[in-house]
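So you can see what is in the structure, the chains are spelled out below.
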Amino acid sequence: MDDRQFRNAMGKFATGVTVVLTEVSGKVHGMTANAFMSVSLNPKLVVISIAEKAQMLKKIKQSGTFSVNILAAGQKELSMIFAGQLKEQRQVVFDYLGNIPVIPGAIAQIICEVSASHVEGDHTLFIGKVTNIQLEEELPLIYYSGKYRSLKEENG
Ligand code: FAD
Ligand code: NAD
């Protein structure tokens, strides 16, 4: 099967957009990710999937902690920044929840400790034990078929 067909099929699954953040030696590193899923309620676990070629892989291995920040509808530019889709570098200001960096204005800031990792094909799955959460009441940014979208609210 050709890669394009696989990607086109996976792109049919509409998702939110997250920015994963981690901090190593006082330096915050961010990466846009839509491969994110809730795994377990008791204990509270989530999973992210990080490509072997991503800088983020070795950073999370070093730090053992990360935050998953679910972006709000107005945060498309942040998604582009952390996916390397903008030509110029941008200065981003981070907040902290406990001692873990988070994206201000994200609709969910989810703090995780790595509880397991599994190499699968060309990605590593990090299972995150959720230790803290902060929520905002805003609509999410949506990603579908390789394009950013927004939710249309139905009346009634
Ligand atoms: P880099 O490419 O070095 O960093 C990413 C970008 O973030 C760079 O432009 C960098 O300048 C910027 N950046 C990092 N830290 C900071 C900071 N502190 N301040 C300012 N800018 C900073 N890949 C996956 O592996 N898994 C996924 O689930 C996934 N989902 C994606 C979903 C979407 C919608 C998109 C668009 C891309 C997705 N990607 C995913 C691809 C991934 O986001 C890119 O390949 C990304 O460039 C990989 O980041 P990196 O860790 O290699 O670091
Ligand atoms: P796209 O049309 O290639 O992606 C559509 C869907 O295919 C994505 O939402 C994802 O579910 C899947 N996909 C894409 N690349 C993948 C990969 N390397 N490994 C596993 N699944 C993958 O392109 P796009 O959505 O416009 O993405 C822009 C860039 O970000 C591309 O370089 C893409 O490879 C990368 N990306 C990577 C992942 C990932 O690694 N899980 C997810 C989304 C996007």
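Residues numbered from 1 in each chain as written. Chains lettered and ligands numbered in written order. Predicted model: local features only at pLDDT ≥ 70, side-chain atom pairs only at ≥ 80, totals over all residues. Heavy atoms only, no water.

Student: Explanation requested: the site of ligand 1 in the structure shown.
Tutor: Taken together, 26 residues surround ligand 1, and among them Val 28, Thr 32, Ser 49, Ala 51 and Gln 55 come closest. Within the backbone of Met 56, a nitrogen or oxygen atom sits 2.9 Å from an oxygen atom of ligand 1. Within the complex, the protein chains bury 76% of what would otherwise be the 980 Å² of accessible surface of ligand 1. Mapped by element, the contributors of at least two residues to the shell around ligand 1 are strand 3 (27-33), strand 5 (45-51), helix 2 (55-63) and helix 3 (76-82). Here the shell around ligand 1 gets six residues from one element, more than from any other, and that element is strand 3. Of the residues contributing to the shell around ligand 1, the split by class is 15 nonpolar, ten polar and one charged. (Near = heavy atom within 4 Å. Polar contact = N/O pair within 3.5 Å; in protein donor to acceptor, adjacent residues only side chain to side chain. Areas by Shrake-Rupley, 256 points an atom, 1.4 Å probe, with all protein chains shown as cover. Helix = DSSP H or I, 4+ residues; strand = E, 2+ residues; numbered from the N terminus. Nonpolar A, V, L, I, M, F, W, Y, C, P; charged D, E, K, R; others polar.)

Student: Explain the UniProt feature "domain: Flavin reductase like" (unreviewed entry) in the protein here, please?
Tutor: Here the UniProt-annotated "domain: Flavin reductase like" (unreviewed entry) positions come out as residues 10-150. Along residues 10-150 one finds 12% helix and 52% strand; the C-alpha atoms at either end are 19 Å apart. (UniProt positions renumbered as here; feature names shortened; annotations may be inferred.)

Student: So what exactly am I meant to see when it comes to a nonpolar patch on the surface here?
Tutor: On the surface, a nonpolar cluster with roughly 400 Å² of combined accessible area is contributed by Met 1, Phe 6 and Met 10. On the secondary structure map, Phe 6 appears in helix 1 (residues 3-10). (Patch = residues over 30% accessible without salt bridge, like charges linked within 9 Å, V, L, I, M, F, W, Y side chains within 5 Å. Salt bridge = Lys/Arg side-chain N within 4 Å of Asp/Glu carboxyl O.)

Student: Where do I start with the site of ligand 2 in this structure?
Tutor: The immediate surroundings of ligand 2 are formed by Arg 4, Arg 7, Met 10, Gly 11, Asn 34, His 123, Tyr 143 and Gly 146. Arg 7 is positioned such that a nitrogen or oxygen atom in its side chain is 2.4 Å from an oxygen atom of ligand 2. A distance of 2.9 Å is found between an oxygen atom of ligand 2 and a side-chain nitrogen or oxygen belonging to Tyr 143. The fraction of the free accessible surface of ligand 2 (650 Å²) that becomes covered by protein chains is 61%. For the shell around ligand 2, the element with the highest residue contribution is helix 1, accounting for three residues. A class-by-class count of the residues in the shell around ligand 2 yields two nonpolar, four polar and two charged.

Student: Is there a simple way to explain the nonpolar core in this structure?
Tutor: Grouped burial of nonpolar side chains is what soluble globular proteins tend to show. By size, the foremost hydrophobic cluster in this structure holds 18 residues, and its most contacted members are Val 20, Ile 48, Ile 50, Met 56, Ile 60, Phe 66 and Phe 126. Of all the elements in the fold, those that place two or more residues in this core are strand 3, strand 5, helix 2, strand 6 (65-70), strand 9 (108-120) and strand 10 (123-135). No other element matches the four residues that strand 5 contributes to this core. Beyond its immediate stretch of four places on either side in the chain, Met 56 contacts Val 20, Leu 21, Thr 22, His 29, Gly 30, Met 31 and Ile 50. Residues Leu 78, Ile 81, Phe 82 and Leu 141 belong to the second largest nonpolar core, which totals eleven residues. (Core = buried A, V, L, I, M, F, W, Y, C linked by side-chain atoms within 4.5 Å. Buried < 20%, exposed > 50% of the residue type's maximum accessible area, 1.4 Å probe, protein only. Contact = heavy atoms within 4.5 Å.)

Student: Help me out: how do you make sense of the sheet that holds strand 10 in this one?
Tutor: Hydrogen bonding along the main chain pairs the strands of a sheet, whether they run parallel or antiparallel. Across the sheet, seven strands lie side by side as 3-2-6-9-10-5-4; this open sheet has antiparallel pairing. Edge positions in the sheet fall to strand 3 and strand 4 (36-40), since each of these pairs with one other strand and no more. Within the sheet, the average angular offset between the axes of one strand and its neighbour, ignoring direction, is 35 degrees. Note: strand 4 against strand 5, four bridges, orientation antiparallel. Bridged to Ser 40 within strand 5 is Leu 45. (Pairing = 2+ DSSP bridges. Axes fitted to C-alpha atoms, helices over the stretch in contact; angles between N-to-C directions.)

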